[in-house]
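In case you want the letters, here they are:
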Amino acid sequence: MGGSGFTCSAAVPGSGTKCKGESTPDGRGGHLSRGPRASAHICELVSRCSLQGGRDLDSTANMSDGEEATNHLLDMNLHESQGSVQATEGGLQSESEHLHVTIGATVPTGFEQTAADEVREKLGSACRISKDRGKIYFDISVESLAQVHSLRSVDNLFVVVQEFKDYQFKSTKEEVLKDFEDLAGKLSWSDPLKVWEMNSSFKKKKTKRKKTNQNSNKGKTDNGQGDKKDERDVKKELTSSASETQILDYYENPAIKEEISTLVGDDLASSKDETDERSKEETDASVLRFRVTCNRAGEKHCFTSNEAARDFGGAVQEYFKWKADMTSFDVEVLLNIHDNEVLVGIALTEESLHRRNITHFGPTTLRSTLAYGMLRLCAPQPTDIIIDPMCGTGAIPIEGATEWSNCYHIAGDNNALAVNRAANNISSLLTKSQIKEGSPSWGLPIDTVQWDICHLPLRTGSVDIIVTDMPFGKRMGSKKRNWNLYPACLREMSRVCRPGTGRAVLLTQDKKCFTKALSGMGHVWRKVHTVWVNIGGLHAAVYLLKRTPQAFVHPSEQDGERETPW
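These numbers were taken from a predicted model, which means no experiment stands behind them.

(A) Quick look at the overall build of the protein. Check the secondary structure of the protein and you find 16 helices and 18 strands. Counting the 566 residues in the protein, one finds 51% classified as buried. Within the protein, contacts between residues at least 6 apart in sequence are counted, and of these 76% link residues at least 24 apart. Here the protein displays about 26600 Å² of accessible surface, and carbon together with sulfur accounts for 49% of that area.

(B) Just empty space enclosed by the protein, in detail. Considering all chains together, one arrives at one cavity of 30 Å³ or more under this definition. As a volume, the largest cavity reaches approximately 40 Å³. At the level of secondary structure, the elements contributing two or more residues to the lining of the largest cavity comprise β12 (385–388), α12 (395–403) and β13 (408–413).

(C) Geometry of the sheet that holds strand β16 (residues 503–508). Strands sit in the order β14-β13-β12-β15-β16-β18-β17 across an open sheet of seven strands; the sheet is mixed. The open sheet terminates on both sides in strands that have one partner only, identified here as β14 (446–450) and β17 (525–535). Each strand axis lies, on average, 15° off the axis of its neighbour in the sheet, ignoring direction. Of the strand pairs in this sheet, β16 and strand β18 (residues 538–547) are connected by six bridges, and their pairing is antiparallel. When the bridges of β18 are listed, R503 appears paired with K546. Across the face of the sheet, helix α15 (residues 511–519) comes into contact with β16, β17 and β18 while running at roughly 15° to β18.

(D) Quick peek at the nonpolar core. Membership of the largest hydrophobic core comes to 57 residues, with the highest contact counts inside it found for F138, W189 and F312. When residues of this core are assigned to their parent elements, the largest contribution, seven residues, is made by helix α10 (residues 305–320). Within the second largest apolar cluster, 32 residues are counted, among which are F111, L370, A401 and I426.

(E) Representation of the pattern of salt bridges within the structure. One pass over the full model with this rule turns up 20 salt bridges. The partner of R310 in a salt bridge is D311, with the nearest N and O atoms 2.7 Å apart. A relative accessible area of 35% places R310 in the partly exposed class. Under the relative-accessibility criterion, D311 is labelled buried at 13%. Overlapping salt bridges, with partners in common, bring together E118, K122, R152, R356, E399 and E403 in one network.

(F) Representation of helix α4 (residues 112–123) in the model. Over its 12 residues, α4 extends 16 Å from the first C-alpha to the last, a length consistent with the 16 Å expected when each residue adds 1.5 Å. Here α4 has its buried residues at E112, T114, A115, A116, E118, V119 and L123. Close packing links the buried residues of α4 with β4 (127–129), β5 (135–141), α5 (145–148) and α11 (368–377).

(G) Layout of the packing of α11 against α12. Running from N to C, α11 and α12 cross one another at 70°; their axes reach a closest spacing of 9 Å. When the interaxial angle is binned, α11 and α12 end up roughly perpendicular. With respect to the hand of their crossing, α11 and α12 are arranged in right-handed fashion. On α12, the residues that touch S368, A371, Y372, M374 and L375 of α11 are A395, I396, E399, G400 and E403. For the contact of α11 with α12, the class distribution of residues is six nonpolar, two polar and two charged.

(H) Layout of the pairing of β17. With 10 bridges joining them, β17 and β18 adopt antiparallel strand pairing. Residue W532 lies in a different strand from β18, and its bridge partner there is A541. Hairpin geometry of β17 and β18 is characterised by an intervening segment of two residues between the two adjacent antiparallel strands and by a positive phi of about 60° at G536.

(I) Structural detail: the packing of aromatic side chains. Tallied over the entire structure, the rule returns 14 aromatic pairs. Pairing F290 with W322 gives two aromatic rings, centres 5.8 Å apart and planes at 50°, and the pair type is tilted. Of this pair, F290 sits in strand β8 (residues 289–297) while W322 is found in the loop between α10 and β9 (323–324), placing the two residues 32 residues apart along the sequence. Residue F290 is classed as buried on the basis of its relative accessible area of 0%. Centroid distance Y372 to W404: 5.4 Å. Interplanar angle 20°. Geometry classified as stacked.

Basis of the calculations
Residues numbered from 1 in each chain as written. Predicted model: local features only at pLDDT ≥ 70, side-chain atom pairs only at ≥ 80, totals over all residues. Heavy atoms only, no water. Helix = DSSP H or I, 4+ residues; strand = E, 2+ residues; numbered from the N terminus. Buried < 20%, exposed > 50% of the residue type's maximum accessible area, 1.4 Å probe, protein only. Contact = heavy atoms within 4.5 Å. Areas by Shrake-Rupley, 256 points an atom, 1.4 Å probe, with all protein chains shown as cover. 1 Å grid on protein atoms, 1.4 Å probe; cavity = no way out; pocket = protein on both sides within 12 Å on 5 of 7 lines; lining within 4 Å. Points joined across faces, edges and corners; volume = space filled by probe spheres on them. Pairing = 2+ DSSP bridges. Axes fitted to C-alpha atoms, helices over the stretch in contact; angles between N-to-C directions. Core = buried A, V, L, I, M, F, W, Y, C linked by side-chain atoms within 4.5 Å. Salt bridge = Lys/Arg side-chain N within 4 Å of Asp/Glu carboxyl O. Expected span 1.5 Å × (residues − 1). Parallel < 35°, antiparallel > 145°, perpendicular 65-115°, else oblique. Left-handed = near helix turned anticlockwise from the far one by under 90°. Nonpolar A, V, L, I, M, F, W, Y, C, P; charged D, E, K, R; others polar. Phe/Tyr/Trp six-rings, centres within 6.5 Å; stacked < 30°, edge-to-face > 60°.

This is how it looks when you write it as C-alpha cells:
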C-alpha cells in the first residue's frame with residue numbers, strides 16, 4: 001500500500017461539532033531531509049512553480065532545467081559541496097528580503113480584535129478579521145517573520161497561497177473534486193514556499209533549543225542518523241507529552257465531540273516493482289514529506305472534508321512529487337473552506353504558540369493566548385497591582401509578568417496543589433529565561449500565595465486589576481456551589497479593588513449564575529463589555545467590569561452582624 005496520507009476536519013451541518021478524518025491513498029516514496037539538500041530541493045521547487053506553472057516535471061532533463069532556472073532566479077550556484085549549499089541559502093534569503101506575503105493566524109474565538117490590535121502595534125501592519133471566527137490576516141515583509149512568531153495573542157500561523165472570497169462550487173460532487181485537483185497546478189506556490197523555507201530554518205533552531213532543555217531527551221540516541229533522528233525524537237516526545245496531559249489540559253482541547261476516522265485507499269497490495277521503486281525513492285533525502293489538512297464549515301457543500309483533502313492532496317503530491325506522511329511531515333498544506341470562501345495556505349507552526357509558559361498542568365489549564373487576551377482587555381498600566389485570586393496553574397499571572405513586567409502580579413488559590421503548580425511553572429520559566437540569556441535572571445515581578453477567595457489577606461482598595469478564570473461548575477466545583485460562591489467572590493473583589501479606577505476581567509461558563517450575582521452588586525461593579533468565547537466546546541463569556549467610585553461597606557457594618565453571611 002502506498003504511503004500517502006491526508007488529514008481533514010469539518011463542521012457537521014447543524015450539529016455545532018467538528019469531525020476529523022484521515023485518508024491514505026497510494027503515494028510515491030521519499031525521505032524527509034532537513035539538511036542542506038532539502039534547501040537546494042526547495043529552491044528547485046520554487047523555480048518550478050515560477051517558471052513551469054501547472055506542468056509536471058518528471059524527467060532528469062527537466063530537473064536540470066529547474067536547477068538552471070533556480071541559479072538565474074535566485075542568483076546563486078547549487079553545488080554538491082557544503083560551502084556551495086551555504087551560499088545557496090544565503091542567496092535565497094537575500095532574494096527574499098523584500099518579499100511581502102499575507103500571513104494568516106488562528107486566535108482564541110472572541111479575541112480577534114485584540115489580536116488585530118497587537119499586530120498593528122507590534123508589526124505596524126493593517127489587519128483583517130475573517131468572517132470565519134478565530135482567524136485574522138495581515139501583510140508583512142519576510143524580514144518581520146521572527147516578530148510574527150513572538151506575537152502573544154495568536155495560536156497558529158500560516159502563509160496564504162491564494163484566497164478565493166467567492167468560490168463558485170459546481171453542482172455535482174465529481175465536478176467539485178475535479179476542480180480541487182486542477183487547483184493545485186494553477187496556484188502560485190513560489191513566494192509561499194520561499195517563506196516556508198525561511199520559516200523552517202527558524203523553526204529548526206527553535207526545535208534544537210527545546211531539545212537541549214528537555215532532560216537530554218530521556219537518554220534517547222540518534223542511532224547514527226544525526227540531527228534528523230534527534231528532531232524526530234523531540235517531536236515524538238512533544239506529541240507524547242501532549243497526549244499525557246490531554247485529560248488534565250481541559251481548555252487546550254477545543255473539540256469535545258470529535259469523530260476520528262481513517263480511510264484507506266482501494267489498492268491494498270503493491271507489485272514488487274512498485275515496492276522497489278519506493279525503496280529507491282526513500283533513499284533520496286531530497287524528497288520532502290507533506291500532508292494536507294482540510295477544515296470545512298458550511299451546510300451547502302456536496303462533498304466532505306475527507307474527499308476534499310484526498311483529491312486536493314493527491315494533486316499536490318503529483319505536482320511536487322512529495323511523499324505524503326500523516327505524522328512526520330515537513331510541509332503542511334491547508335485547505336480551509338467556509339461556506340463559499342476557499343483558502344489555500346502553508347502552515348508555519350507545527351505546535352501552537354500558546355504552549356510557552358506552562359510545564360505543570362492542572363485540571364483546568366488556561367491557554368496562554370487566552371490569558372493574554374483577558375489581560376489586554378483591562379489595559380494594565382505601569383505600577384499596577386494585578387491579582388488572580390483563583391490562579392490554578394498560574395497561566396494568567398505568569399503571562400502578565402512576562403508581558404507586563406512593569407506591573408506587580410500575585411497568583412493565589414485556596415488549593416495547595418494549585419499554588420505549588422503555579423510556583424513550579426514560575427520556576428521553570430525563570431530557568432528557561434536564564435538558559436536563553438546565558439546569565440542569572442533578576443526574576444519576575446510575581447508572587448504566589450495560598451488564600452481564601454472570600455477572605456483575601458489584602459488591604460481594602462489596594463488592587464488595581466483582578467483577572468481570573470472562575471469555576472465553571474464542571475471540572476472544578478459545582479453549579480450549585482457557584483450560587484453561593486459567585487456573590488461572595490464579587491463582594492470580596494469589590495473590597496480589595498480600588499474604587500473609581502479598579503477593573504476586573506472574569507471568565508465563566510456559568511453565565512446565568514454570574515449574571516444573577518452581578519445584578520446584586522450594581523453599586524460596586526459596572527459591566528463595561530462582554531466577550532463571547534468558545535472554550536473546550538463550551539460557550540463561555542469574559543466580563544470586563546469597572547469598579548464604581550462608591551466606597552466598600554463591610555456587610556457586618558450594614559447588617560450589624562459580626563460574621564459575613566457566606
